[in-house]
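Next come the chains, spelled out residue by residue.
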Amino acid sequence: MENANGENHGALGDAHTHIGKAAAIAGRDPGEVTLVAVSKMRDPADIKPLLEQGQRVFGENRVQEAAAKWPELKAAYPGVELHLIGQLQSNKADEAAALFDYIHSVDRLSLIKALGKAFGKAGRSLPCFLQVNIGEEDQKGGCAIDDITALLEAATQHGVNIIGLMCLPPADVQPAPYFALLRELAQRAGLSQLSMGMSADYQSAVQLGATHIRIGTALFGPRD
Ligand SMILES: *Cc1c(COP(=O)(O)O)cnc(C)c1O
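None of these values were measured; they are calculated from a predicted model.

A. Fine view of the overall build of the protein. The helix and strand tally for the protein stands at 9 helices and 8 strands. On C-alpha atoms alone, the protein measures out to a radius of gyration of 17 Å, which is about the 17 Å that the 2.2 N^0.38 rule sets for 224 residues. Overall, the C-alpha framework of the protein stretches about 55 × 40 × 30 Å when taken along its three principal axes. Taking all 224 residues of the protein together, the buried fraction comes to 49%. Split by element, the accessible area of the protein, about 10,600 Å² in all, is 48% carbon and sulfur. Within the protein, the 26 negative side-chain charges are centred at a point lying 4 Å from the centre of the 20 positive side-chain charges.

B. Main features of the state of the cysteines. Taken as a whole, this structure holds 0 disulfides when the rule is applied. Here Cys128 is not cross-linked by a disulfide; its sulfur's nearest cysteine counterpart is in Cys143, at 13 Å. By relative accessible area, which is 0% here, Cys128 ends up buried. For the unlinked cysteine Cys143, the closest cysteine sulfur is that of Cys167, found at 11 Å.

C. Structural context of the pattern of salt bridges. What the rule picks out here adds up to 8 salt bridges. In this structure, Glu32 and Arg28 form a salt bridge, with 3.1 Å as the shortest nitrogen-oxygen distance. Residue Asp101 pairs with Arg124 through a salt bridge whose shortest N-O separation is 3.1 Å. Separated by 23 residues along the polypeptide, Asp101 in the loop between helix H4 (93-99) and strand E4 (102-106) and Arg124 in the loop between helix H5 (109-122) and strand E5 (128-132) bring together distant segments of the chain. If you follow the salt bridges from partner to partner, you end up with Glu60, Glu65 and Lys69 in one network.

D. Spotlight on the packing of aromatic side chains. Counted according to the given criterion, the structure contains 1 aromatic pair. Taken together, a centroid distance of 4.9 Å and an interplanar angle of 45 degrees make the contact between Phe58 and Trp70 tilted. One end of the pair, Phe58, is in strand E2 (residues 57-60); the other, Trp70, is in helix H3 (residues 63-76), and 12 residues separate them in sequence. Judged by relative accessible area, Trp70 falls into the buried class, the value being 0%.

E. The arrangement of the packing of H5 against helix H6 (residues 148-158) in detail. Taken N-terminus to C-terminus, the directions of H5 and H6 make an angle of 15 degrees; their axes are 9 Å apart at the nearest point. With respect to H6, the axis of H5 lies roughly parallel. For H5 against H6, the interelement crossing comes out right-handed. From H5, Leu109, Ile112, Lys113 and Gly116 reach across to H6, where they touch Leu151, Ala154, Ala155 and His158.

F. Local environment of the site of the ligand. All residues adjacent to the ligand are Val38, Lys40, Ile85, Leu168, Met198, Ser199, Arg214, Ile215, Gly216, Thr217 and Arg223. Taking Lys40, its side chain carries an N or O atom lying 2.7 Å from an oxygen atom of the ligand. Here the ligand loses 89% of its free accessible area of 390 Å² to cover by the protein chains. Of the residues that constitute the shell around the ligand, the class distribution is 5 nonpolar, 3 polar and 3 charged.

G. Inspection of the packing of helix H2 (residues 44-52) against H3 at higher detail. Taken N-terminus to C-terminus, the directions of H2 and H3 make an angle of 35 degrees; their axes are 11 Å apart at the nearest point. At the point where H2 passes H3, the crossing takes the right-handed sense. Contacts between H2 and H3 involve Pro44, Ile47, Lys48 and Leu51 on the former and, on the latter, Lys69, Trp70 and Leu73. When its residues are assigned to classes, the contact of H2 with H3 shows 5 nonpolar, no polar and 2 charged.

H. Layout of H3. In this model H3 runs 20 Å from its N-terminal to its C-terminal C-alpha over 14 residues, within 8% of the 20 Å that 1.5 Å per residue would give. When we look at burial in H3, the residues that qualify are Val63, Glu65, Ala66, Lys69, Trp70 and Leu73. Tucked inside the fold, the buried residues of H3 contact H2, E2, strand E3 (81-84) and H4.

The rules behind these values
Residues numbered from 1 in each chain as written. Predicted model: local features only at pLDDT ≥ 70, side-chain atom pairs only at ≥ 80, totals over all residues. Heavy atoms only, no water. Helix = DSSP H or I, 4+ residues; strand = E, 2+ residues; numbered from the N terminus. Rg over C-alpha atoms; globule rule 2.2 N^0.38 Å. Buried < 20%, exposed > 50% of the residue type's maximum accessible area, 1.4 Å probe, protein only. Areas by Shrake-Rupley, 256 points an atom, 1.4 Å probe, with all protein chains shown as cover. Lys, Arg positive; Asp, Glu negative; His and termini not counted. Charge placed at Lys NZ, Arg CZ, Asp CG, Glu CD. Disulfide = S-S within 2.5 Å. Salt bridge = Lys/Arg side-chain N within 4 Å of Asp/Glu carboxyl O. Phe/Tyr/Trp six-rings, centres within 6.5 Å; stacked < 30°, edge-to-face > 60°. Axes fitted to C-alpha atoms, helices over the stretch in contact; angles between N-to-C directions. Parallel < 35°, antiparallel > 145°, perpendicular 65-115°, else oblique. Left-handed = near helix turned anticlockwise from the far one by under 90°. Contact = heavy atoms within 4.5 Å. Near = heavy atom within 4 Å. Polar contact = N/O pair within 3.5 Å; in protein donor to acceptor, adjacent residues only side chain to side chain. Nonpolar A, V, L, I, M, F, W, Y, C, P; charged D, E, K, R; others polar. Expected span 1.5 Å × (residues − 1).

Worth remembering: the numbers are spatial, not functional.
Here it is in structure tokens:
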């Protein structure tokens, strides 16, 4: 829904309406679902309208980009919670620990070790998700399903608090079976949080138990 200035003031409200409907179908409380507004590749001018509407939870996929954009926005809008949703290089762990509040993309032992050290140095430990390569695709980030148990043990050992599982299902196929599988894997591991669902499929993800949905284009329009 665009107004005369071409701004999309209705998108956030629409997303909450859809989340509410999907939660109702599944008998869930919509308050259990955190909408992470994915602001990668968006300018502060595009982000401010959402902040003005009260949105405080945002997702970025690059440390450098977030470091350039967010300190100023955070100062202007108290209460911002920043989620790192993209792949993280171990040599950026310190910077990520200082800038972000959650990390969704923990997927390997070397990164777990680097984050354990970074959290120790920073004196703050961020809640993290273990990213799972749920479709077992060669090119995708995320750990193998068979490695989940060992990585969770390593995380405990290195002081990295894994609160749930995250996935990006394969493109161009029905995502629901992958969401259901991720939920099953989280249950088996005793984890309560699920980061799954993007603009095209978040309603299905909410029906299947998502606690964190990561939505970009449905809020901001297409990325160019
Ligand atoms: C970009 C991105 C999203 C948001 O995708 P949209 O289709 O724009 O909603 C979600 N999760 C991750 C990991 C992303 O990189």
